[in-house]
Amino acid sequence: MIELNPVTYNEVPTFSDIVNSKYNPRKTRLLEEVASVESRTDLQRISFLAESQLSIVQVSDTVKEDLQHCFTVHTQPFLEIQNAIYSPKCNPTGQCGYCVVDTAKTIDHYLPKEEYPEFSVMSENLVPCCGHCNSKKKTSSLVFGSIFNPYYSSIRISQFIQCSLSLTDNILTPSYSFIESDDTRAHLGLLHSHDEKFSVLKKFKDKAGLLLPEELGSIEIYNVCMNTDTVVNLYRQREKISIKNEGANHWRPALYGSIASYLSLPGNFPLILSHN
Ligand SMILES: [Zn+2]
């Protein structure tokens, strides 16, 4: 769940460039599809912006196979599109567009190429993502409003992830949830169904659970040489830097923020825990 910058088709080769790099007889058949694919591409952008369902157009099996072939059998123009999608300009952190936990090593079709073969190589339909999320996404067709679109979901620019620490049996445990605010309320259904699909909140908790013991070890050292305000400010600074590097909806800044909030509560600093 990250904000990706779409690579628009002005910056990369067009569908027509890909078709022209194919061999006959496929090339001749695909040339007949160029006009309709281009008009569908405009419609698709409008539907992404409106976050609304785009109708499915039935095509013959041959046309479908030809359109999908543009993705499955790479050509030089398509490789240029792929490189642009993986580039720091599009994906500054290099992490999965759906979970922002693992490295993006695969490309997912936001609109599945089985149902929407005309968008098989359209850059704004291609989401860099991790293998886990890609395989989870494949198991069903897309229901609009159920999966976060890292290029277009309007919620992507708001902060919607929070972490809190709870103390049980003298052990601090992180947990993640979605923020309920005026900015996020209309999108909570989308965020929860996205989480159901990709287990993002659990992935965040697992990652934070690995880092937290290290942080608690550091805080026990700060116990002897810093006051509460200094340590809280230190974690607020780390939160800010991490938001800059990884985005506001990443597990790491949310964890730093939760540590700052926890330590600022009366009686929580100096911190004394059996954290191992
Ligand atoms: Zn992922």
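Rules and cut-offs
Residues numbered from 1 in each chain as written. Predicted model: local features only at pLDDT ≥ 70, side-chain atom pairs only at ≥ 80, totals over all residues. Pairing = 2+ DSSP bridges. Helix = DSSP H or I, 4+ residues; strand = E, 2+ residues; numbered from the N terminus. Expected span 1.5 Å × (residues − 1). Buried ≥ 20, exposed ≤ 12 C-beta atoms within 10 Å, placed from the backbone. Arc of directions from axis to C-beta. Contact = placed C-beta atoms within 7 Å. Core = buried A, V, L, I, M, F, W, Y, C linked by C-beta atoms within 7 Å. Bend = angle between axes of the 7 residues up to and from the residue.

Draft legend 1. Geometry of the pairing of strand S4 (residues 171–178). Bridge count for strand S3 (residues 161–168) against S4 is 8 bridges, and the pairing is antiparallel. Its bridge partner being in S4, Leu165 is matched across the sheet by Pro174. If you look at the hairpin formed by S3 and S4, you'll find 2 residues sitting between the two strands, and Asp169 has a positive phi there, around 50 degrees.

Draft legend 2. Layout of helix H4 (residues 61–72). Spanning 12 residues, H4 covers 16 Å between terminal C-alpha atoms, matching the ideal 16 Å at 1.5 Å per step. Among all positions of H4, only Asp66, Leu67, Cys70 and Phe71 are buried. On an axial view of H4, the arc spanned by its buried residues comes to 155 degrees, and they lie on one face. H4 presents Asp61, Thr62 and Thr72 as exposed residues on the side facing more than 90 degrees away from its buried surface. Looking at the buried side of H4, the elements it contacts are helix H1 (15–20), helix H2 (26–31) and helix H5 (76–86).

Draft legend 3. Highlighting the nonpolar core. The biggest cluster of nonpolar side chains holds 62 residues, and the ones touching the most others in it are Cys96, Tyr98, Cys99, Val121 and Leu255. Per-element tally for this core: the top contributor is helix H10 (residues 251–264), with 7 residues. Non-local contacts of Cys99, meaning those with residues more than four positions away in its chain, are made with Met1, Cys130, Cys133, Phe198, Val200 and Lys203.

Draft legend 4. Looking closely at helix H8 (residues 200–225). With 26 residues, H8 extends 37 Å between its outermost C-alpha atoms, agreeing within 8% with the 38 Å of an ideal straight helix rising 1.5 Å per residue. The largest bend in H8 is about 30 degrees, located at Leu211, with the proline Pro213 one to four residues further on. If you check which residues of H8 are buried, you get Val200, Leu201, Lys203, Phe204, Ala208, Leu212 and Ile219. For H8, the elements touching its buried residues are S3, S4, helix H7 (188–198), helix H9 (228–246) and H10.

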